[in-house]
Every structure is written in C-alpha cells, then in structure tokens.
Amino acid sequence: MIVLKWQTIRFRGHWIRYRLESQIIRLDNQGIYHLGKVLFPRPDRISYELARLLKQKYERRYKRPLYIKTSSIATEIWGHTHLDIFYRILLRLPLPRRLRHRYVNRLKSTKIIDIGVRAVDQNRIVWDIGDFVGGWLVFWLVRRHRR
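What counts, and at which threshold
Residues numbered from 1 in each chain as written. Predicted model: local features only at pLDDT ≥ 70, side-chain atom pairs only at ≥ 80, totals over all residues. Heavy atoms only, no water. Phe/Tyr/Trp six-rings, centres within 6.5 Å; stacked < 30°, edge-to-face > 60°. Helix = DSSP H or I, 4+ residues; strand = E, 2+ residues; numbered from the N terminus. Buried < 20%, exposed > 50% of the residue type's maximum accessible area, 1.4 Å probe, protein only. Lys NZ or Arg CZ within 6 Å of the ring centre and 35° of its normal. Pairing = 2+ DSSP bridges. Axes fitted to C-alpha atoms, helices over the stretch in contact; angles between N-to-C directions. Contact = heavy atoms within 4.5 Å.

Student: How should the packing of aromatic side chains be read in this particular structure?
Tutor: Given two aromatic rings, their pairing is described by the distance between the two centres and the angle made by the two planes. Per the stated rule, a full pass over the model turns up 3 aromatic pairs. With a centroid separation of 4.8 Å and 35° between ring planes, the pair formed by Tyr-58 and Tyr-62 is classed as tilted. Highlighted residues: Tyr-58 and Tyr-62, both in helix 2 (residues 43-62), separated by 4 residues, approximately one helical turn. Judged on exposure class, the residue Tyr-58 and its partner Tyr-62 are both buried. Seen in terms of ring centroids, Tyr-87 and Tyr-103 are 5.8 Å apart; in terms of plane orientation they differ by 25°. Their pairing is stacked. Taken as a pair, Tyr-87 in helix 3 (residues 70-90) and Tyr-103 in helix 4 (residues 97-108) lie far apart in primary sequence, 16 residues in all. Tyr-103 sits in the buried class, given a relative accessible area of 16%. Connected via pairs of aromatic rings, a cluster forms that spans Phe-86, Tyr-87 and Tyr-103. Taking NZ or CZ as reference, Arg-61 lies 4.8 Å from the ring centre of Tyr-62, over its face.

In structure tokens:
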C-alpha cells in the first residue's frame, strides 16, 4: 500500500494543505490551514477557484479526470468550512454539556474534508444536491432581483 504525503500550495496568499488519492481529494481544514481565512469575503467564488485548481492537480497526477462536478466540490469545501465556523461560534456560548459534546464531535468531522466520487464518498449525494439546490436558488434570487 502506497502512503501518499500531504502537499501544500500557496493559494490567494494562504497555505492550503491537500492530499490526492485515487478518486479522492482530501483538504486539511485546521490550524494554519483553516480554510475560513482563505474563502472570505467571496466563499462561493473562491471555493470554486480552489476546486478547479485541485481538480487540475488531480488530473495531472492521475492522468484522468476526477468525475465530480467542480461546483459540487466547491459546495463541499464552503459547506464544511461554514459548518466548522458555525460550531466554533456555538462552542463559545454557554451550552449544556450534552450539546457541547455533540458540537465538539461535529467539529472533529470538519477537520479533514474528504472529497470523493460517489463510489467511495458516502455523502457525495448530499453535496451534489446542495450544489443543485444552491445553484437553482441563487439563479432564482438573481433573476428576481433583476425584475
């Protein structure tokens, strides 16, 4: 079994740590590699740029495309990052022990973002649906605003 190493790249003035595996891209979302500072002020656009860059790196490494829509990867990146920030804010509040424990466990799941094809990623469908619904909602809002 080949153990792949984490790699770092400079993206928009910040370090991004990632690992490419067969059918999976993993992103580190903790410490100095936390994506919150990278994605703002435009998390939708910047996460899309990051998704496109990571897909290109994957295709160069494996000489084949990663069969996930770029917009779905971007949705997963900003979704995990927003959830991480949300849990961190909630943990600053005085919470019952049971709820605090739940949020700490959820925060652990946002440390590494696993982006894989449907065959290996159990929640790929969630991000694909989020991408579709989110894209539809944004289109509807923009169209409504123009009228």
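Student: For this particular structure, what's the right way to read the sheet that holds strand 2 (residues 14-21)?
Tutor: Each strand in a sheet pairs with its neighbour through backbone hydrogen bonds, running either in the same direction (parallel) or in the opposite one (antiparallel). Read across the open sheet, the 4 strands follow the order 1-2-3-4; overall the sheet is antiparallel. Both edges of this open sheet fall to strand 1 (7-11) and strand 4 (112-116), since each of them pairs with a single strand only. Averaged over all neighbouring strand pairs, the angle between strand axes comes to 30°, with direction disregarded. Pairing of strand 2 with strand 3 (residues 24-28) involves 4 bridges; the strand directions are antiparallel. Pairing of Arg-19 across the sheet is with Arg-26, part of strand 3. Of the strands in this sheet, strand 1, strand 2 and strand 3 touch helix 2, which is tilted by about 40° from strand 2. With respect to the sheet, helix 3 is in contact with strand 3 and strand 4, its orientation differing from that of strand 4 by roughly 160°.

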